[in-house]
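Listed below, chain by chain, are the residues.
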Amino acid sequence: AAMMAAAVARRGRLGREGRASLCSFLLGASVAALPLLLGSSPSLLAAPGLRGRLALALHVAGVNAALLLVYPRPLYKIAVRACFLGFAFGCGLLLSAGRSAWRHFGWYMCSLSLFHYSEYLVTAINNPRSLSLDSFLLNHSFEYNLAALSSWVEFTLEKLFFPELKQITWLSTVGLLMVIFGDCLRKAAMLTAGSNFNHIVQNEKSDTHTLVTSGVYGWFRHPSYVGWFYWSIGTQVLLCNPICVVGYALASWRFFRERIEEEEITLIHFFGEEYLEYKRKVPSGLPFIKGVKLEL
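Only a predicted model underlies this, so the values are computations on that prediction, with no experimental measurement involved.

Student: Tell me about the overall build of the chain, residues and numbers included.
Tutor: Within the chain one finds 12 helices and zero strands. For the chain, the succession of helices and strands along the chain, N to C, is α-α-α-α-α-α-α-α-α-α-α-α. Relative to the globule expectation of 19 Å for 296 residues, the C-alpha radius of gyration of the chain, 21 Å, shows essentially globular dimensions. Referenced to the eigenvectors of the C-alpha coordinate spread, the extents of the chain come out at roughly 70 × 45 × 30 Å. Relative to its 296 residues, the chain shows a buried fraction of 47%. Pairs at least 24 apart in sequence give 76% of the contacts found in the chain among residues at least 6 apart.

Printed below as a string of C-alpha cells:
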C-alpha cells in the first residue's frame, strides 16, 4: 500500500476512473464494520443467522443504490466491480477474524480480491491510457475461471470429508506468505515498469517503450510472471488443496513458459542486441524456463 501511495504521489493524481474504483472498493470493504454496528462478534457474519444475512443484504442493496446515484453508467461499470472486490475483501476479513473452520478461506478471499483490485489500481497509476474493465483481470480466461472454481470445489469437499486437512495452520501460513511475496513482487514489477507495463503483449513498439532492467528487473527478466506464478500456487497451499497445488503448478508453468517465449520474440524484435545481452545476464526467474531459444 505504501509503495502504491508513493507511486501516486510521484506520477500525479489518480484519474477519475482510479478514484471511483478506490472509493467503491473501500465502500464494499466497509461490510467488515457490520459487526461493530450490530454490536456482535465477527462470527455472526462468518456463519450468519437471519440477522447477519439481513445485514449483508441491506449493505449490498444500499451500496449498489449509492453507486447508481453517484456514478454515470461508464463509471458505474468500474465502480460495481471494484465494490464487489471490496465486499469480498471485507467478508474475507470477517471470516479471518472469526474462529470458524472457514478462517483460512477468509485469508484466501482477502488475497484473491486484493490481487484483482490492485491490478486495476496499479494500471490506473502507471498506464491510464491502457486502462479498461479488463484491467481487473476478472475475465482473464475460461481456464483461469475454471481453475478458481475447481479450487473452491476441492476446498469444500475436503472440508466436508477431511476437515482436519483444512486446519493445518502452519501450512496455510506458508501459503499466505507465498501469496504476499508473489503479489508484492508482481506489483513492484508493474510500478517499476511504469507505462511500459501492459496486460496485453504488445506487437508494436511505441515511442515511449523502453527496456526496463533496473529494480526487480535486475533480479528476474519477468518478475511480474514470477510473482503471479508463486501467488497462484500460494493460494492453493493456503487452502491446503493438494490436488490444486499440483494442478496450478503445472498449468501455471506451462502458461508462463509459452507466454515468456511469445513475449521475448517481441522484445528481441523491439530491442535487438540490447535485450539479448540482458537475457544472457539475468534469469527468467521461473524454474526450468529459459525463454525463447535462438537458432544460431
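Student: Can you explain the domain arrangement of the chain? Please cite residues and give values.
Tutor: Here the domain parsing of the chain yields domain 1 (1-139) and domain 2 (140-291). In this structure, domain 1 and domain 2 have C-alpha centres spaced 23 Å apart. Between domain 1 and domain 2, the residue contacts involve 26 residues of the former and 36 residues of the latter. Of the roughly 2,800 Å² buried where domain 1 meets domain 2, counting both sides, 64% is carbon and sulfur surface.

Student: Requested: an account of the packing of helix H2 (residues 16-29) against helix H7 (residues 103-126), with residues and values cited.
Tutor: For any two helices packed against each other, one specifies the inter-axial angle together with the distance between the axes. At a closest axis distance of 9 Å, the pairing of H2 and H7 adopts a crossing angle of 155°. One way to sum up the angle between H2 and H7 is to call them roughly antiparallel. As H2 runs across H7, the sense of the crossing is left-handed. Contact residues: Glu17, Gly18, Ser21, Leu22 and Phe25 in H2; Leu114, Tyr117, Tyr120, Leu121 and Ala124 in H7. Of the residues belonging to the contact of H2 with H7, the class tally is seven nonpolar, two polar and one charged.

Student: Tell me what's going on with the packing of aromatic side chains, and back it up with residues and numbers.
Tutor: Within this structure, the stated rule accounts for 16 aromatic pairs. Between Phe105 and Tyr108, the aromatic rings sit 5.4 Å apart at their centres with planes inclined by 45°, giving tilted as the arrangement. One end of the pair is Phe105 and the other is Tyr108, both in helix H7 and three residues apart, which spans about a single turn. A relative accessible area of 13% places Phe105 in the buried class. Between Phe229 and Tyr230 the ring centres are 5.0 Å apart and the planes differ by 85°, which places this aromatic pair in the edge-to-face class. Pairwise contacts between aromatic rings join Phe115, Tyr144, Tyr225, Trp228, Trp231, Phe255 and Phe256 into one cluster.

Student: Lay out unusual backbone geometry in plain terms, naming residues and giving numbers.
Tutor: A positive phi is found at Cys240, a non-glycine position, where the angle reads about 55°. Relative to the elements of secondary structure, Cys240 occurs in the loop between helix H10 (223-238) and helix H11 (242-271). At Phe288, a residue that is not glycine, the phi angle is positive and equals roughly 60°. Relative to the helices and strands, Phe288 is located in the segment after helix H12 (273-281).

Student: Give me the lowdown on the packing of H2 against helix H6 (residues 73-97), citing residues and values where you can.
Tutor: Between H2 and H6, the shortest axis-to-axis distance is 6 Å and the interhelical angle comes to 35°. Every pair of crossing elements has a handedness; the one defined by H2 and H6 is right-handed. Within the contact between the two elements, H2 uses Arg16, Glu17, Ala20, Ser21, Ser24, Phe25, Gly28 and Ala29 and H6 uses Leu75, Ile78, Ala79, Ala82, Cys83, Leu85, Gly86, Phe87, Phe89 and Gly90. In the contact of H2 with H6, the residues fall into 11 nonpolar, five polar and two charged.

Student: Go over a nonpolar patch on the surface with me, naming the residues and quoting the values.
Tutor: Together, Phe142, Leu146, Leu149, Trp152, Val153, Leu157, Leu160, Phe161 and Phe162 line one region of the surface with nonpolar side chains, adding up to about 960 Å² of accessible area. Mapped onto the secondary structure, Phe142 falls in helix H8 (residues 142-161). With a relative accessible area of 61%, Phe142 lands in the exposed category.

Student: If you had to explain H11 to someone new, which residues and values would you point to?
Tutor: For H11, spanning 30 residues, the distance from its first C-alpha to its last is 42 Å, which sits close to the expected 44 Å at 1.5 Å a residue. Residue Gly272 follows H11 closely and has a positive phi angle near 60°.

Student: Quick rundown of the pattern of salt bridges? Include the residues and the values.
Tutor: If you walk through the whole model with that rule in mind, you get 10 salt bridges. One salt bridge connects Glu119 with Arg186, and the closest N-O pair in it is separated by 2.7 Å. Taken as a pair, Glu119 in helix H7 and Arg186 in helix H9 (residues 169-193) lie far apart in primary sequence, 67 residues in all. Exposure class is identical for Glu119 and Arg186. Each is buried. A salt bridge links Glu277 to Arg280; the shortest N-O distance between them is 2.8 Å. Placement of both Glu277 and Arg280 in helix H12 is noted, with a separation of three residues, approximately one turn of the helix. Within this structure, Glu119, Asp183, Arg186 and Lys187 form a network of salt bridges that share partners.

Quick notes on the rules
- Residues numbered from 1 in each chain as written.
- Predicted model: local features only at pLDDT ≥ 70, side-chain atom pairs only at ≥ 80, totals over all residues.
- Heavy atoms only, no water.
- Helix = DSSP H or I, 4+ residues; strand = E, 2+ residues; numbered from the N terminus.
- Rg over C-alpha atoms; globule rule 2.2 N^0.38 Å.
- Buried < 20%, exposed > 50% of the residue type's maximum accessible area, 1.4 Å probe, protein only.
- Contact = heavy atoms within 4.5 Å.
- Domains from an automatic or database assignment.
- Buried area = accessible area lost by both parts, 1.4 Å probe.
- Axes fitted to C-alpha atoms, helices over the stretch in contact; angles between N-to-C directions.
- Parallel < 35°, antiparallel > 145°, perpendicular 65-115°, else oblique.
- Left-handed = near helix turned anticlockwise from the far one by under 90°.
- Nonpolar A, V, L, I, M, F, W, Y, C, P; charged D, E, K, R; others polar.
- Phe/Tyr/Trp six-rings, centres within 6.5 Å; stacked < 30°, edge-to-face > 60°.
- Patch = residues over 30% accessible without salt bridge, like charges linked within 9 Å, V, L, I, M, F, W, Y side chains within 5 Å.
- Areas by Shrake-Rupley, 256 points an atom, 1.4 Å probe, with all protein chains shown as cover.
- Salt bridge = Lys/Arg side-chain N within 4 Å of Asp/Glu carboxyl O.
- Expected span 1.5 Å × (residues − 1).

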